[in-house]
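A closer look at the structure
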Amino acid sequence: MIELKNIQKSFDTKDGKFQALKDVSIKIQEGEIFGIIGFSGAGKSTLLRVMNLLERPDSGEVNINGKNLCFLSRKDLLKERQSIGMIFQNFNLLSNKTIAENVEFPLKLAREKKSERIKRVAECLEIVGLTNKKDAYPVSLSGGQRQRVGIARALASNPKILLCDEPTSALDPRTTENILEFLKKINKQFGITIVVVTHEMEVVEQICNKVAVMENGEIVENFDLKEPITEFHSEIGEYLFKHLLNLEAKVDYVI
Amino acid sequence: MLSNILNVLPEILTALGQTFYMLGETLFVAIVVGTPLGTILYLIRPGATHHKKVLYIVLDGLVNIIRSFPFLILLIAIIPFTRFVVGTAIGTTAVIVPLSICVIPEFARLVEQTLLDVNTGVVEAAESMGANLFQIIWYVLYSEARAGIANVITIITISLLSYTTVAGLVGGGGIGDFAIRYGYYRYKIDIMFFTVLIIIILVQIIQMIGNRTVRVLDKKK
């Protein structure tokens, strides 16, 4: 389970302090596919980076599976990160390493035995259907294939949580669908909790169970997508989810 | 003309040997000291996670100051230091000290620039996997920048070849010194041209090997 409590985070910019996250609390249950949607600059990527402490919050708690990451020593934190996979909008693969070496990378960092590594790499490439590309370099792959390598790499260390930062924003619609299918599959098959940051409604609609809407560093809406949406608390929530609205329900503004 | 050249051929070979000796030793020192120095500059630069203000100002300033010295001046200015390190300020080995001091900051600066080209997203990805600083440097920065670093080594080797010509001033010898002695002091134009030809060919060969290495190492294209 991921539980963030009262997270504050600000950055120093040329124009003074910028409050990226204002008292954000969020609870994500095990096995969920949780979406965080909002426009750019809303703070959603920062929020995602707080979950593995790539961004250390100014205040608040980051509880992952019952451990408050903020209190861990550097060494324990690095260890903990190995059980939290992450994929990125621009894939961020090592360009001078082959596909197999890229997937092997997290295992190398964790100092796994060579024989174990080879076995696991083969398994992960199998999951994303890229076994035949194992000796290729990232440059020769399409965007969708690169993201599948990203997914395989994130899966290699058997994470319980997968953080996705705009995973399909650099991909065309058809490839997007394909990547989302993979995410859904690994959520079902391995019970991995997935957090997806996105600005695309299709992503939320296709794979998320729950979604939080962010604006100006705050979460302004929380929806459980298994239930019909009956009311909005924000304009942006209405803007994004209007078409999902149960039309018979009366719209109720509680701003 | 040919006989003139044949007469000095053994001397040319000795001079070439001295040049390679100076090049090899200095390049070794430049890589061993310059790479970590460039890496530190990159890691503690303003805006980086490991930014160290004072240390950066000191190292950055030092690098700039040494790079401002023309090699000839540096060679003479640090004679006491050279004597302290290798026991003498004269001879091929003695030249390696000023050569190294001259080239280390240049090498470090170029390494820093090369590392700045590494996609920070890849560094972030490694951090998200729990990589420690050493692992990030070794597996990410150096791996991603390896073609760039090979390029830096090529550039520095060629600069070094030109620096070694000044080495004659303190009895360092080498092919450049040979060209000056025969061509300039003794007016043996044919021998000078021959030596210059050798230097041109040397530069071509170094550049060719460098380019080829870069191409093999770079998987981005």
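To be clear, the structure that these remarks concern was listed above.
Predicted model, so just to flag it, every value in this text is computed and none were measured.

What follows is about helix α10 (residues 189-217) of chain B. Residues and elements named next belong to chain B. Here α10 spans 42 Å end to end across 29 residues, near enough to the 42 Å set by a 1.5 Å rise per residue. All of the buried residues in α10 are Ile191, Phe194 and Thr195. On its buried side, α10 packs onto α1 (2-43) and α9 (175-185).

Residues and elements named next belong to chain A. Overall, mixed pairing links the six strands, which are arranged β6-β7-β8-β3-β9-β10 in an open sheet. With partners counted over all chains shown, the strands left at the sheet margins are β6 (84-87) and β10 (218-224), one partner each. Between one strand axis and the next, the sheet turns by 15° as a mean value, whatever way the strands run. Bridging between strand β3 (residues 33-37) and strand β9 (residues 210-215) involves four bridges; their strand directions are parallel. Opposite isoleucine 36, over in β9, you have alanine 212 as the bridge partner. Packed onto the sheet, helix α5 (residues 143-156) meets β6 and β7 (161-165) and runs at close to 170° relative to β6.

Quick look at the environment of valine 196 of chain A now. All names here are of chain A. As for its position among the elements, valine 196 is in strand β8 (residues 193-198). Sequence separation between valine 196 and threonine 230 is 34 residues; the distance between their C-alpha atoms is 23 Å. Leave out the neighbours within four places in its chain, and valine 196 touches Ile33, Gly35, Cys164, Pro167, Val203 and Cys208.

This part covers the nonpolar core. If you look at the biggest cluster of nonpolar residues, it comprises 113 residues, and the most contacted ones within it are Val103, Ala152, Leu163, Cys164, Ile194 and Val195 of chain A. Top element by residues in this core is helix α5 (residues 92-116) of chain B. It accounts for 13 residues. The residues touching isoleucine 194 of chain A, leaving out its near neighbours within four places in the chain, are Ile33, Phe34, Leu162, Cys164, Leu183 and Asn187 of chain A. In terms of nonpolar packing, the next biggest core, distinct from the first, is built from seven residues, Ala15, Phe178, Tyr182 and Ile191 of chain B among them.

On to helix α6 (residues 173-190) of chain A. Residue and element names in this part refer to chain A. Under the 1.5 Å per step criterion, the end-to-end length of α6 is 26 Å for 18 residues, consistent within 8% with the ideal 26 Å. Within the span of α6, buried status applies to Thr176, Ile179, Leu180, Leu183 and Ile186. In a view along the axis of α6, the buried residues occupy a sector of 125°, so they form one face of it. Looking at α6, the residues exposed on the side facing more than 90 degrees away from the buried face are Arg174, Glu181, Lys188 and Gln189. Summarising the contacts, the buried residues of α6 are in contact with α4 (114-127), α5, β7, β8 and α7 (201-207).

Residues and elements named next belong to chain A. Here α5 crosses α6 at 15°, and the two axes come no closer than 9 Å. The angle between α5 and α6 falls in the class roughly parallel. α5 and α6 meet at a crossing whose hand is right-handed. Here α5 contributes Gly143, Gly144, Gln147, Arg148, Ile151 and Leu155 to the contact with α6, which in turn contributes Thr175, Asn178, Ile179, Phe182 and Ile186. A breakdown of the residues in the contact of α5 with α6 according to their chemical character gives five nonpolar, five polar and one charged.

Attention now moves to the interface of chain A and chain B. The interface is formed by 19 residues belonging to chain A together with 20 residues belonging to chain B. For the side of chain A that touches chain B, the secondary-structure elements that each account for two or more residues are α2 (74-81) and α3 (99-109) of chain A. By residue class, the composition of the side of chain A that touches chain B is ten nonpolar, six polar and three charged.

Let us look at the sheet that holds strand β1 (residues 2-13) of chain A. Residue and element names in this part refer to chain A. What the four strands build is an open sheet, ordered β2-β1-β4-β5; its pairing is antiparallel. At either margin of the open sheet sits one strand with a lone partner, and together these are β2 (16-28) and β5 (67-68). Sheet topology places strand β4 (residues 59-64) next to β5; two bridges connect them, and they run antiparallel. Residue pairing across strands places asparagine 63 opposite asparagine 68, the latter belonging to β5.

Cut-off values and rules
Residues numbered from 1 in each chain as written. Chains lettered and ligands numbered in written order. Predicted model: local features only at pLDDT ≥ 70, side-chain atom pairs only at ≥ 80, totals over all residues. Helix = DSSP H or I, 4+ residues; strand = E, 2+ residues; numbered from the N terminus. Expected span 1.5 Å × (residues − 1). Buried ≥ 20, exposed ≤ 12 C-beta atoms within 10 Å, placed from the backbone. Contact = placed C-beta atoms within 7 Å. Pairing = 2+ DSSP bridges. Axes fitted to C-alpha atoms, helices over the stretch in contact; angles between N-to-C directions. Core = buried A, V, L, I, M, F, W, Y, C linked by C-beta atoms within 7 Å. Arc of directions from axis to C-beta. Parallel < 35°, antiparallel > 145°, perpendicular 65-115°, else oblique. Left-handed = near helix turned anticlockwise from the far one by under 90°. Nonpolar A, V, L, I, M, F, W, Y, C, P; charged D, E, K, R; others polar.

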